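Here's the letter readout for the chains.
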Amino acid sequence: EPEVTQTPSHQVTQMGQEVILRCVPISNHLYFYWYRQILGQKVEFLVSFYNNEISEKSEIFDDQFSVERPDGSNFTLKIRSTKLEDSAMYFCASSSPGGPQHFGDGTRLSIL
Amino acid sequence: QKEVEQDPGPLSVPEGAIVSLNCTYSNSAFQYFMWYRQYSRKGPELLMYTYSSGNKEDGRFTAQVDKSSKYISLFIRDSQPSDSATYLCAMRGGGGGADGLTFGKGTHLIIQP
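Report follows, based on the coordinates. (Residues numbered from 1 in each chain as written. Chains lettered and ligands numbered in written order. Predicted model: local features only at pLDDT ≥ 70, side-chain atom pairs only at ≥ 80, totals over all residues. Heavy atoms only, no water.)

Okay, the pattern of salt bridges next. Applying the stated criterion across every chain yields a total of 6 salt bridges over all chains. Ionic pairing is found between Lys 42 of chain B and Asp 105 of chain A, a salt bridge with its closest N-O pair at 3.5 Å. Of this pair, Lys 42 of chain B sits in the loop between β4 (30-38) and β5 (45-51) while Asp 105 of chain A sits in the loop between β10 (102-103) and β11 (107-111), each in a different chain. Of the residues examined, Asp 105 of chain A reaches a relative accessible area of 37% and is grouped as partly exposed. Between Asp 99 of chain B and Arg 92 of chain B there is a salt bridge, with the nearest N and O atoms lying 3.9 Å from each other. Looking at Arg 92 of chain B, the relative accessible area reads 3%, which means it is buried. (Salt bridge = Lys/Arg side-chain N within 4 Å of Asp/Glu carboxyl O. Helix = DSSP H or I, 4+ residues; strand = E, 2+ residues; numbered from the N terminus. Buried < 20%, exposed > 50% of the residue type's maximum accessible area, 1.4 Å probe, protein only.)

Within this model, the largest pocket holds a volume of roughly 630 Å³. Gln 37, Ile 38, Leu 39 and Gly 40 of chain A together with Gln 38 of chain B are the residues nearest the centre of the largest pocket, which is lined by 24 residues in total. The set of elements that each furnish at least two residues to the lining of the largest pocket consists of β9 (88-95) and β11 of chain A together with β9 (85-93) and β11 (107-112) of chain B. Tallied by class, residues from the lining of the largest pocket come to 9 nonpolar, 11 polar and 4 charged. (1 Å grid on protein atoms, 1.4 Å probe; cavity = no way out; pocket = protein on both sides within 12 Å on 5 of 7 lines; lining within 4 Å. Points joined across faces, edges and corners; volume = space filled by probe spheres on them. Nonpolar A, V, L, I, M, F, W, Y, C, P; charged D, E, K, R; others polar.)

The interface is formed by 18 residues belonging to chain B together with 23 residues belonging to chain A. Carbon and sulfur atoms supply 53% of the area buried between chain B and chain A, which totals about 1,800 Å² over both sides. Along the contact surface separating chain B from chain A lie 1 salt bridge. Between the two partners, chain B and chain A, sit 10 residue pairs in polar contact (both at pLDDT 80 or more). (Contact = heavy atoms within 4.5 Å. Buried area = accessible area lost by both parts, 1.4 Å probe. Polar contact = N/O pair within 3.5 Å; in protein donor to acceptor, adjacent residues only side chain to side chain.)

Here it is in structure tokens:
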């Protein structure tokens, strides 16, 4: 069964550094998403992406964050100047038109 | 008021029991309702996807949506130890496919052998 894949599974970064989290969505899906889950808290929506542009973003998704689809298969989340509170699990998801969102297994981001 | 409320548990039941998991919500714009299962250090895995009110059955799982009460449920029949996980409800509005999901906090379910 097709699945969303995310790399790396765990990323450790010094505070203030930039990180890029990578995702390969399911191949025939057109909508792409990033979510965040801080330990012990809800899964929170960050941003959705369709037709090479941001479709919707939450108040969490500020100027520190950016997304990109650099080629036909990858979807990335960049976090500039990371802060301690950015430590979380970051999940990528994708969906077909009208279909449910399917999630990857996430990247655990640890900011030191 | 929180948008989606879900009892975090833990909920512990014996193997073979029927499990009932629930969420309430406040936003009447929600039209699509989902249940995901999440094992430790894994991503949410889709179990059920429903639109508007009504019931949907898939194997041992039944999802119910009551929009008039803003209440959704997931029933698991003949529960197995492998069903032990955190169950997340999620929902979104009826707009285009790029709507973000609003999640509940998840219910931690333990099935005792």
